[in-house]
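Here is how the chains run, residue by residue.
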Amino acid sequence: MPHRIHIVGRKNHGKTTLVVELVRELCSRGIRVGTFKHSRHIHELDTPGKDSHRHRQAGGNPAAILTHDSLGVFLRREPGMDCYQRLAPLFADCELVLVEGDLDGGGTNVEVWRASVGTPCLAAERNDIAALVTDDRPDVATPLWPRHDVARLADLVLGLAARCGETGGVTES
């Protein structure tokens, strides 16, 4: 799997918006980007009572659903499973993988932060944030990347992924 950049941050700081903007920008350049949405909550990803759900309930693992324009595969998540490694073959053709969330997921963390939300940035508390995407000026040693310039952010993310891919982890900037 290509290097993963995790777009992290506290609730309502703009993680989803940033991931969507980055994916659009990178794809417009012809870059193949894979994404994950990480959630700490338990969600039913299928509709209870529908055939695909019944297949899983009966023990199908994997269980898949195919439609005219998409497919979905359900895999049981076993304790201790490295989910990213398990799904790596699906992302093998990607040049970059963006993960929304999963602060402790083992990729390189880039935080998005807005002062107006009123909560402190994670970079002030953690040393595993490679960069802070913001148009504000928090008092942190972490490199600040301009939130308002998506094209520049895409360049910075690609550069970070390349550097981290060479070293296997977060690089000091």
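To be clear, the structure that these remarks concern was listed above.
In this report, we go over the structure that sits alongside the text.

Section: the overall build of the protein
- When helices and strands are tallied, the protein shows 4 helices and 8 strands.
- When the helices and strands of the protein are listed from N to C terminus, the series reads β-α-β-α-β-β-α-β-β-β-β-α.
- For the protein, the spread of C-alpha atoms along the three principal axes comes to 55 × 35 × 30 Å.
- Expressed as a percentage of its 173 residues, the buried residues of the protein come to 40%.
- Taking contacts inside the protein between residues at least 6 apart in sequence as the whole, the part at least 24 apart equals 56%.

Structural notes on the sheet that holds strand E6 (residues 108-112)
- Here we have 6 strands laid out as an open sheet, ordered E2-E5-E1-E6-E7-E8, and parallel in their pairing. In this open sheet, the two edge strands, each paired with only one partner strand, are strand E2 (33-37) and strand E8 (144-145).
- Across 5 bridges, E2 lies against strand E5 (residues 96-100) in parallel orientation. Counted as the bridge partner of Gly34 is Val97 from E5.
- Against the sheet, helix H1 (residues 15-28) contacts strand E1 (4-8), E2, E5, E6 and strand E7 (129-133), and its axis sits at roughly 165° relative to E5.

Quick notes on the nonpolar core
- Formed by 24 residues in total, the largest nonpolar core has its most connected members in Ile5, Ile7, Leu22, Leu98, Val110 and Trp145.
- Among the elements of the structure, E1, H1, E5, E6, E7 and helix H4 (150-167) are those that each provide at least two residues to this core.
- Ranked by residues supplied to this core, first place goes to H4 with 7 residues.
- Other than its neighbours up to four places away in sequence, Trp145 contacts Val110, Ala131, Leu132, Val133, Thr134, Leu153, Leu156, Val157 and Leu160.
- In terms of nonpolar packing, the next biggest core, distinct from the first, is built from 9 residues, Trp113, Cys121, Leu122 and Ala123 among them.

Reading the values: rules and limits
Residues numbered from 1 in each chain as written. Predicted model: local features only at pLDDT ≥ 70, side-chain atom pairs only at ≥ 80, totals over all residues. Heavy atoms only, no water. Helix = DSSP H or I, 4+ residues; strand = E, 2+ residues; numbered from the N terminus. Buried < 20%, exposed > 50% of the residue type's maximum accessible area, 1.4 Å probe, protein only. Contact = heavy atoms within 4.5 Å. Pairing = 2+ DSSP bridges. Axes fitted to C-alpha atoms, helices over the stretch in contact; angles between N-to-C directions. Core = buried A, V, L, I, M, F, W, Y, C linked by side-chain atoms within 4.5 Å.

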